[in-house]
Amino acid sequence: MFSDGFILVDKHLGISSFDAIRKIKRNSSQKKIGHAGTLDPLASGLLIILFGRGTKAAQYFNQLNKIYEFEVSLGVQTSTGDREGSVIKELSIVDNYTVPVINSCLATFLGKCLQVPPAYSALKHKGKPYYYYARKNQSIDIEAREIEIYSIKLISYSQHKLVIQACCGSGTYIRTLAEDIAIALGTVGHASAIRRLSIGSFEAKNGIRISDDLLPDILNSIIPISEVFKDYPVICLEQDKAIKFTQGQKIACRGSDHVIDDLIAINDDDDNFIGLG
């Protein structure tokens with residue numbers, strides 16, 4: 001029997017976020033499993049997998065800041081923005097960039113800016129993901145979205161490869177950020193490696209690697225979702241209201257002497273977490 005909660009997984013290369021979920025489902029009786037924040041097969045690092053009522057907390061995890069370490073290979077642009085795609089453009093790199101020049105370039109990405117999501121992404125247009133159209137070579141207009149970069153720094157630079165660490169807000173595509181950095185340096189490029197180090201205060205170094213022999217340990221390591229929201233304001237709903245809330249209906253709660261502008265935890269009358277408000 002599973003608790004409603006989540007686990008931290010250090011996803012390895014070669015599997016998608018959905019592959020990780022399918023692997024757990026095949027080895028358990030748990031039916032309701034989700035994740036917070038997709039990682040591409042060619043990206044490694046922290047993946048938060050949610051169980052039972054814990055899936056209701058995806059909204060909370062998705063809005064947390066994320067830290068990535070990624071490698072930008074200069075001079076080569078690919079169709080997918082990473083090393084999986086076919087090469088669509090190559091430029092000779094005549095400038096042996098200095099660290100001060102690179103740092104000055106990275107500083108221009110700090111703060112809020114507009115970013116055009118990649119064509120190969122799961123965002124949807126008319127009910128179908130962008131990658132559906134990209135694989136059919138169908139062109140669609142992709143609108144830029146506002147993102148925010150809180151910090152960005154150069155870790156190393158060698159052989160026209162930059163290793164960069166960035167802390168960014170939700171909705172940021174690292175593949176696109178890598179391409180934009182290359183363009184700002186006067187060339188083209190792609191993300192040749194991506195690793196997610198953290199989501200909020202949760203870190204990849206504390207994550208579990210998914211393998212068949214470790215699955216029993218993984219499934220016994222579920223963190224109760226109540227641990228995340230123990231310091232949050234809580235509203236407990238009576239049974240009839242709790243049922244309506246879980247069905248997606250809006251619930252009016254009277255009697256509060258103040259206004260809460262942030263997320264609050266919603267519990268049932270047995271004090272079990274059932275969602276966010």
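Before reading on, note that the structure itself is shown above.
Residues numbered from 1 in each chain as written. Predicted model: local features only at pLDDT ≥ 70, side-chain atom pairs only at ≥ 80, totals over all residues. Heavy atoms only, no water.

Draft legend 1. Broad picture of a negative patch on the surface. On the surface, a cluster of negative charge is made up of Glu238, Asp240, Asp269, Asp270 and Asp271. Topologically, aspartate 269 is positioned in the loop between β16 (265–267) and β17 (273–276). (Patch = residues over 30% accessible without salt bridge, like charges linked within 9 Å, V, L, I, M, F, W, Y side chains within 5 Å. Areas by Shrake-Rupley, 256 points an atom, 1.4 Å probe, with all protein chains shown as cover. Salt bridge = Lys/Arg side-chain N within 4 Å of Asp/Glu carboxyl O. Lys, Arg positive; Asp, Glu negative; His and termini not counted. Charge placed at Lys NZ, Arg CZ, Asp CG, Glu CD. Helix = DSSP H or I, 4+ residues; strand = E, 2+ residues; numbered from the N terminus.)

Draft legend 2. Highlighting the packing of aromatic side chains. Tallied over the full model, the rule gives 5 aromatic pairs. Each ring, one from phenylalanine 6 and one from phenylalanine 202, has its centre 5.6 Å from the other, and the planes form 75°; the classification is edge-to-face. Residue phenylalanine 6 is located in strand β1 (residues 5–11), and its partner phenylalanine 202 is located in strand β13 (residues 202–203); the two are separated by 196 residues in the primary sequence. With respect to class, phenylalanine 6 is no different from phenylalanine 202; both count as buried. Site record: aromatic cluster; members linked through ring pairs are Phe6, Tyr60, Phe61 and Phe202. (Phe/Tyr/Trp six-rings, centres within 6.5 Å; stacked < 30°, edge-to-face > 60°. Buried < 20%, exposed > 50% of the residue type's maximum accessible area, 1.4 Å probe, protein only.)

Draft legend 3. How the structure looks around unusual backbone geometry. In this structure, glutamine 159 is a non-glycine residue whose phi angle is positive, near 50°. Inspection of the secondary structure assignment puts glutamine 159 in the loop between β10 (145–158) and β11 (161–168). According to the relative accessible area criterion, glutamine 159 is exposed, its value standing at 69%. In this structure, histidine 160 is a non-glycine residue whose phi angle is positive, near 60°.

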